[in-house]
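# Overview (structure and organization)
Residue strings, one per chain:
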Amino acid sequence: MFELPKLNYELNALAPHMSEKTMSFHYGKHHATYIKNANTLAAGTAFEGKSLEEIVAGTRGDAAQTALFNNAAQCVNHAFFWNSLTPRRAEIPTALRDKIAADFGSFEAFTEQFVKQATGIFGSGWCWLVLENGKLKIVSTSNAQTPIASGTQTPLLCVDVWEHAYYLDYQNVRADFIKAVVDNLWNWEFAAANMG
Ligand code: MN3
């Protein structure tokens with residue numbers, strides 16, 4: 001049985017960028033519901049006892065498994081998102097900063113491009129910084145789609161752009177939410193560890 005993973009910080013620790021109210025609904029209700037649904041949908045199938053990543057890899061693109069894929073993918077996406085955030089303003093490790101500058105022109109060019117791309121995603125989805133074939137890229141995914149367990153892209157950081165992620169704090173202004181996360185909350189130590 002899958003369980004809601006523990007956060008590395010308190011529900012109020014990301015305020016004012018993400019309020020305790022947002023976190024209590026987003027983590028405590030939305031993420032918890034994906035866990036509950038993944039457990040229900042996997043029970044009694046060939047996927048019972050598999051990890052969430054194995055379920056994502058095994059159901060991706062299978063029209064008969066859409067509901068299980070969506071819920072399992074949202075479980076891994078949210079766990080990755082919470083780990084992408086920290087209330088402690090961490091310096092970006094030099095090797096990662098240099099890699100970003102090499103692949104995007106400059107750190108500032110990267111953040112500008114990320115905010116623009118994440119803001120422009122039509123409808124619900126996610127925006128990711130990934131490593132693919134040795135190069136950093138910004139990747140958008142719709143709804144529950146994910147680079148996690150893709151075998152081709154290694155995610156370093158992400159932002160959830162579903163309206164439930166920001167509507168209580170920013171209403172319709174998604175760009176301000178993305179900027180707040182990129183400028184204040186991203187966990188660069190987590191990103192560097194993912195880069196390996
Ligand atoms: Mn969400």
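Now for a description of the structure that goes with this document. (Residues numbered from 1 in each chain as written. Predicted model: local features only at pLDDT ≥ 70, side-chain atom pairs only at ≥ 80, totals over all residues. Heavy atoms only, no water.)

When helices and strands are tallied, the chain shows eight helices and three strands. Traced from its N-terminal end to its C-terminal end, the chain shows the element sequence α-α-α-α-α-β-β-β-α-α-α. For a compact globule of 196 residues, the expected C-alpha radius of gyration is about 16 Å, and the chain comes in at 16 Å, within 12% of that figure. Taking the principal axes of its C-alpha atoms as reference, the chain extends roughly 50 × 40 × 30 Å. Counting over 196 residues, the chain shows a buried share of 46%. (Helix = DSSP H or I, 4+ residues; strand = E, 2+ residues; numbered from the N terminus. Rg over C-alpha atoms; globule rule 2.2 N^0.38 Å. Buried < 20%, exposed > 50% of the residue type's maximum accessible area, 1.4 Å probe, protein only.)

Next up on the list: the nonpolar core. Ranked by internal contacts, the top residues of the largest apolar core, which has 65 residues, are Met18, Leu85, Phe110, Phe114, Phe177, Trp186 and Trp188. No other element matches the nine residues that helix H3 (residues 66-83) contributes to this core. With sequence-adjacent residues up to four places away left out, Phe177 is seen in contact with Met18, Phe81, Val159, Asp160, Ala165, Tyr166 and Tyr170. (Core = buried A, V, L, I, M, F, W, Y, C linked by side-chain atoms within 4.5 Å. Contact = heavy atoms within 4.5 Å.)

Turning to the sheet that holds strand E3 (residues 154-160), a few remarks are in order. Taken in spatial order, the three strands of this open sheet run E2-E1-E3, and their pairing is antiparallel. Of all strands in the sheet, those with a lone pairing partner are strand E2 (135-142) and E3, marking the two edges. Adjacent strand axes in the sheet meet at a mean angle of 20° when their direction is disregarded. In the packing of helix H4 (residues 94-104) onto the sheet, contacts are made with strand E1 (125-132), E2 and E3, and the angle to E2 comes to roughly 80°. (Pairing = 2+ DSSP bridges. Axes fitted to C-alpha atoms, helices over the stretch in contact; angles between N-to-C directions.)

For the manganese ion, every protein donor is listed as His26 (NE2), His78 (NE2), Asp160 (OD) and His164 (NE2), and the spread of their distances is 1.9 to 2.1 Å. Each donor residue of the manganese ion belongs to the same chain, with the gaps between them written as H-x51-H-x81-D-x3-H. Taken as a pair, His78 in helix H3 and His164 in the loop between E3 and helix H6 (167-170) lie far apart in primary sequence, 86 residues in all. (Donors = N, O, S within 2.8 Å, 3.2 Å for Na, K, Ca; no water.)

Now for the pattern of salt bridges. Considering all chains together, one arrives at three salt bridges under this definition. In this structure, the salt-bridge partner of Asp103 is Lys99, at a minimum N-O distance of 3.0 Å. Here Asp103 and its partner Lys99 are both found in helix H4, four residues apart, which amounts to about one turn of the helix. With a relative accessible area of 18%, Asp103 lands in the buried category. (Salt bridge = Lys/Arg side-chain N within 4 Å of Asp/Glu carboxyl O.)

This part is about the pairing of E1. Regular strands show a simple pattern: their side chains alternate between the two faces of the sheet. Counting buried residues along E1, eight of its eight residues qualify, which places the element largely inside the surrounding structure. Residues Gly125, Cys127, Leu129 and Leu131 line one face of E1 and the alternating positions Trp126, Trp128, Val130 and Glu132 line the opposite face, and both faces are buried. With antiparallel pairing between neighbouring strands as the criterion, E1 and E2 make up a hairpin whose turn holds two residues, including Asn133 at a positive phi of roughly 50°. Pairing of E1 with E3, which is carried by six bridges, proceeds in the antiparallel orientation. Bridged to Cys127 within E3 is Val159.

Here eight bridges tie E1 to E2, and the two strands are oriented antiparallel to one another. The residue bridging Trp126 from the neighbouring strand is Thr141, located in E2.

Before going further, it helps to examine helix H8 (residues 188-195). What H8 keeps buried is the set Trp188, Phe190 and Ala191. Across the axial projection of H8, the buried residues extend over an arc of 155°, all falling on one side. Contacts made by the buried residues of H8 are with H3, H4, helix H5 (107-119) and E3. The N-cap residue of H8 is Asn187: its side-chain oxygen and the backbone nitrogen of Glu189 are 3.2 Å apart. Two residues or fewer past H8, Gly196 is found with a positive phi of approximately 80°. (Arc of directions from axis to C-beta. Polar contact = N/O pair within 3.5 Å; in protein donor to acceptor, adjacent residues only side chain to side chain.)

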